[in-house]
Number of protein chains: 2
Amino acid sequence: MMKVLIVEDDIDLAKTVAEYLELEGISCDYASNGLAGLNLAKGNYFDVILLDINLPGLDGLSICQQLREEGNDTPILMMTALDQLDDKIEGFQMGTDDYLVKPFELKELTARIKALARRRSGQAQLLRYNDLEMDLNARNVTRGGQALKLSPTVWRVLETLLRHAPNAVSKDALEQAVWGDELPGSNSLKVHIFNLRKAVDAPYSIALLQTIPGHGFALRSEHEN
Amino acid sequence: MMKVLIVEDDIDLAKTVAEYLELEGISCDYASNGLAGLNLAKGNYFDVILLDINLPGLDGLSICQQLREEGNDTPILMMTALDQLDDKIEGFQMGTDDYLVKPFELKELTARIKALARRRSGQAQLLRYNDLEMDLNARNVTRGGQALKLSPTVWRVLETLLRHAPNAVSKDALEQAVWGDELPGSNSLKVHIFNLRKAVDAPYSIALLQTIPGHGFALRSEHEN
DNA sequence: GTGGGTGGTTAAGAGTCGGTTAAGGTAGTG
DNA sequence: CACTACCTTAACCGACTCTTAACCACCCAC
């Protein structure tokens, strides 16, 4: 699922945006001031960061600058009121990827968010754990350099596990991530896990896909932790 | 249910906030001075702590600092009057997660509390007492660095004990926390406590799981308290 | 001493969970 | 239409887990 960070001091606006994005299947995190936003952006992965220019404490441009200096390449979409547009527009060269003038259409916002996320994934999107690599762009998975063949659903299972590795993912969360709201009945997940094991672990000596009894699964090499 | 600790010397304000939060289904605990607040925060589990900066006895920033030094990672929301705004920046270096300038809207407060609680649940979470560590994300428990194997129910028992350590938890509260409303008959809890002891204490010289006769159990090293 | 309450220990049956396999159905493709 | 790939479902088995009941040990009041 796509994850977006909203840094905005107008809580009503933030809430509206967040609710709309959630409807589109985009998960949102929220900070009401610059420092909190910066810390969140540093500490977590986001597909896109939504940044208000005018913020209490630490303004959007400074946040942007600081993130870029650290090598953080998360796409940033600036939001600005019309009357602040003039003097700030040159500052957009600071590493901002796009901007939007308030008030804006939510539909337009989502379109740009998705475009930004897509653009980034066109650059380099690689999930990795141990000798297991998933290239979301090229859409292939390798273990130890050797390509693996995965069906679409199994792919999604592995992707969510990789995004959390080496943490555990509960069965509920896994089903939610793979199927969304319309879950399959029965034991579909069990079968896909089985197939995933067959593809990822069976040909190799060390197993990466661990079962956490009574809870879920984790991608983790046996003797770690 | 979500639990929030309010540390605030203005009783009227605290009361107003507490009543509003209760309406939203958030359970509140309350301290009117810094020391009481610090002790409550140390001894109990909270989803979020609401901290006034200006407090008699022990100010909010010091409380925040002390909690962080102990490894307590409960999200902290600072409340500050407008004329103390400068302190805010300082607060963020102490480990504050968000702040709010008085007077504030109750609606905004609840929104931020919920955001903080949601965020925490998505990131690293470690429960610790003595040499016992429970990583809720990786979903493993270690004592003295050595991994322990726990069944799901025993896990839940240990988790609630850890959240309250080193305070005692009554048998009723423990059953409530583990089974919710549908309690098992008979002496199921006794058996799980026994199994928990076998896993956590048996291989080690000092016992952590203490029985409080006539009341319940506590996680606490023998000679403490 | 006796009896009842409390807590610790053990074992057994019922039930659940995870792994595995196979069958049926659907969609896409040539 | 035939073929393939894939997903869901059902069924089965072994392992594990939970509950339950029974027994034991202890403390305390009577």
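Up top is the structure.
Just so we're clear, the structure is a prediction, and the values are computed from it rather than from any experiment.

> Help me understand the protein's contact with DNA strand C, please; the structure alone is not making it clear to me.
Near DNA strand C, the surroundings consist of 19 residues, among which K171(A), K190(A), K171(B), K190(B) and T211(B) are the closest. Each atom of DNA strand C within 4 Å of the protein belongs either to a base or to sugar and phosphate, the latter forming 56%. K190(A) has a polar side-chain atom sitting 2.5 Å from a base oxygen of DNA strand C. T211(A) is positioned such that a nitrogen or oxygen atom in its side chain is 2.8 Å from a phosphate oxygen of DNA strand C. Residue assignment for the surface near DNA strand C shows that the elements contributing at least two residues are α8 (188–200) of chain A together with α8 (188–200) of chain B. Among the residues making up the surface near DNA strand C, the classes are represented as seven nonpolar, six polar and six charged.

> Any chance you could explain the protein's contact with DNA strand D here in plain terms?
Of all residues adjacent to DNA strand D, which total 24 residues, the nearest are S151(A), T153(A), N187(A), S151(B) and T153(B). If you look at DNA strand D and keep only atoms within 4 Å of the protein, 68% of those are sugar or phosphate atoms. S188(B) is positioned with one of its side-chain polar atoms (N or O) 2.9 Å from a phosphate oxygen of DNA strand D. In the environment of DNA strand D, a phosphate oxygen lies 3.0 Å from a nitrogen or oxygen atom belonging to the side chain of H192(B). Going through the elements one at a time, α6 (152–164) and α8 of chain A together with α6 (152–164) and α8 of chain B are the ones with two or more residues in the surface near DNA strand D. Its residues assigned to classes, the surface near DNA strand D comprises eight nonpolar, 14 polar and two charged.

> So what exactly am I meant to see when it comes to the packing of aromatic side chains here?
Two aromatic rings, taken as a pair, are described by how far apart their centres are and by the angle between their planes. The tally for this structure, following the rule as stated, stands at zero aromatic pairs over all chains. Taking NZ or CZ as reference, R143(A) lies 4.5 Å from the ring centre of Y204(A), over its face. Note that R139(B) overlies the ring of W155(B), its terminal NZ or CZ placed 4.3 Å from the centroid.

> Can you walk me through the side chain of D201(B) in this structure?
Inspection of the secondary structure assignment puts D201(B) in the loop between α8 and β11 (209–212). There is a polar contact of 2.9 Å between the side chain of D201(B) and the backbone nitrogen of L208(B).

> Looking at this structure, how should I read the pairing of strand β4 (residues 76–81) of chain B?
Each regular strand displays side chains that alternate between the two surfaces of the sheet. Residue and element names in this part refer to chain B. When you tally the buried positions in β4, you get five out of six residues, the bulk of the element. Sheet analysis places strand β3 (residues 48–52) next to β4, joined by four bridges and oriented parallel. Each bridged residue has a counterpart across the sheet, and for L50 the counterpart in β4 is L77. As paired strands, β4 and strand β5 (residues 98–102) are joined by five bridges and run parallel to one another. Bridge pairing links M79 to L100 in β5.

Rules used throughout
- Residues numbered from 1 in each chain as written.
- Chains lettered and ligands numbered in written order.
- Predicted model: local features only at pLDDT ≥ 70, side-chain atom pairs only at ≥ 80, totals over all residues.
- Heavy atoms only, no water.
- Near = heavy atom within 4 Å.
- Polar contact = N/O pair within 3.5 Å; in protein donor to acceptor, adjacent residues only side chain to side chain.
- Helix = DSSP H or I, 4+ residues; strand = E, 2+ residues; numbered from the N terminus.
- Nonpolar A, V, L, I, M, F, W, Y, C, P; charged D, E, K, R; others polar.
- Phe/Tyr/Trp six-rings, centres within 6.5 Å; stacked < 30°, edge-to-face > 60°.
- Lys NZ or Arg CZ within 6 Å of the ring centre and 35° of its normal.
- Buried < 20%, exposed > 50% of the residue type's maximum accessible area, 1.4 Å probe, protein only.
- Pairing = 2+ DSSP bridges.

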